[in-house]
Amino acid sequence: MEEVKKNIKTFLEILQIGKSESVIHWDESNFKRAQRWAQYAEEVYRKLKNKPSLVQVLSNYIKGTQKSNQDTVGMEFTFNDLQDATETLRMVLLNNPHLSSAQFSHVLDLYQVDFFAELNTGLEKIIQDTYSISCSKGIFLMLSSIKDQLSVEHSVEGYKSIGRTEDTCLDTCAKLLWGKIGNLMENGGLSDDGVIKKVQSLVLYSEKGMEVVLRMLVLLMKGEIPVNASGNGGAVLDHMKYHVHHWIVECSKHNEADHYKKMWSCPSSLLCEMSAMDTLFCENYLSFLHSCGDGLLGIGCDTVEDQTSYGSSYRHIIEKIQLLIQGPEHVSELCKQKLNLWSMEPAGELLNTSSDISLKNQKLRANLWKKMYHETCE
């Protein structure tokens, strides 16, 4: 029992370090070691929970240890808390504002996500935890910057950190997903179609699934994830990257597809990055924005809400177009060409009588895009 006490004390000390600035010295091995100590604590709970006398002994020891160090985990830690030791460790580390981006990624590794489970609780747990934590970390950084230098610039950086933290979280998920795909192909013997079906299940069952897959592809195309990052055959995985790329473009093309809405619900900055790397994807994105414009006018749908349910109000469309125009030259030029084309009013005698869209609606559409062209391109 003395050995158990000593080991539990070690775990409590790890939690204390996890809260402090000392964590900046941790590397990946330290995070894995901390996780093993948490798993040990959970095992102790499972073995002793039905032994009241030993539970009392260990409970008294934990209480006494905390009296000598009031700031062990920032709350009263009890024997029952040992059953959630891993969760406590993760939250302590996520709340530490001193973590670097690389260290933050190591913390996310502790979630051990099964990307392809139908009930993808691991991925959802990461998003849930890091969303709230990123807000508090953003506030911390903002206040720290104000303390260091009272300037608008530093205050803005504090707010921006919220988005950066969530981006780091999702980028890490994307890297973990690619590693999982590599392992499935190497050890699971899955075919290309089998992997795509797994990816589709991730998108289907996870709210952020499509964004993670799209981020994975963008990072692969930018070279920020090596194709053979998992240590598997590069040629096989390069072929797999092609299939994922093809699937993403297909999802962006067919508005009746299940994944179409999820695709265009991804962050505008991510869609712009993908647009810069694939012209067909960019054209599909512009076609989607064009359909959103029709939605604002009530063209081709029963109500305006049918197309604007994605949050594509007039201002949102403008903001998305501005991001494209501010992008690489080839994206900017394509966007301007499309807007210019859409803003041309049709002549009455050239009206396509087979079209379901009346001349009046075609003129309304042209006026809308003429206004958007002037607002974004001039």
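Residues numbered from 1 in each chain as written. Predicted model: local features only at pLDDT ≥ 70, side-chain atom pairs only at ≥ 80, totals over all residues. Heavy atoms only, no water.

The chain carries the name Fanconi anemia group F in an unreviewed UniProt entry, which gives Paramuricea clavata as its organism.

**A short note on the nonpolar core**
Heads up, the rule is: In plain words, nonpolar cores are sets of buried Ala, Val, Leu, Ile, Met, Phe, Trp, Tyr and Cys residues tied together by side-chain atoms within 4.5 Å. The buried label goes to any residue with under 20% of its type's maximum accessible area, the exposed label to any with over 50%, and the partly exposed label to all in between, with areas taken from a 1.4 Å probe on protein chains only. Only DSSP runs of H or I reaching four residues or more are called helices, and only runs of E reaching two or more are called strands; each is numbered from the N terminus. What makes two residues a contact is simply this: any of their non-hydrogen atoms within 4.5 Å.
Ranked by size, the top nonpolar core spans 91 residues in total, and within it Leu82 and Ile248 carry the most contacts. Looking at which element gives the most residues to this core, the answer is helix H9 (residues 209-222), with nine residues. Each residue touching Ile248, except ones within four places of it in the same chain, is listed here: Met210, Val213, Leu214, Leu217, Met263 and Phe281.

**Some words on the confidence of the model for the chain**
Worth spelling out the cut-off: Residue-level confidence of the predictor is what pLDDT reports, using numbers from 0 through 100.
On average, residues of the chain score 76 in pLDDT, and 72% of them reach the 70 mark or higher. Of all secondary-structure elements in the chain, the lowest mean pLDDT belongs to helix H14 (residues 305-308), at 43, while helix H12 (residues 268-277) reaches the highest, 93. Contacts of residues 138-163 to residues separated by more than four positions or lying in other chains number 17 contacts, the stretch itself having pLDDT below 50.

**Things to note about the pattern of salt bridges**
Test applied: For this analysis, a salt bridge means a side-chain nitrogen from Lys or Arg found within 4 Å of a carboxyl oxygen belonging to Asp or Glu.
Per the stated rule, a full pass over the model turns up 13 salt bridges. Between Arg46 and Glu43 there is a salt bridge, with its nearest N and O atoms 2.7 Å apart. Linking Arg46 with Glu43, this pair stays in helix H2 (residues 28-48), spanning three residues, or about one helical turn. Since its relative accessible area comes to 29%, Glu43 is described here as partly exposed. In this structure, the salt-bridge partner of Arg215 is Glu211, at a minimum N-O distance of 3.0 Å. Linking Arg215 with Glu211, this pair stays in helix H9, spanning four residues, or about one helical turn. It is possible to trace a salt-bridge network through shared partners that takes in Asp171, Lys208, Glu211 and Arg215.

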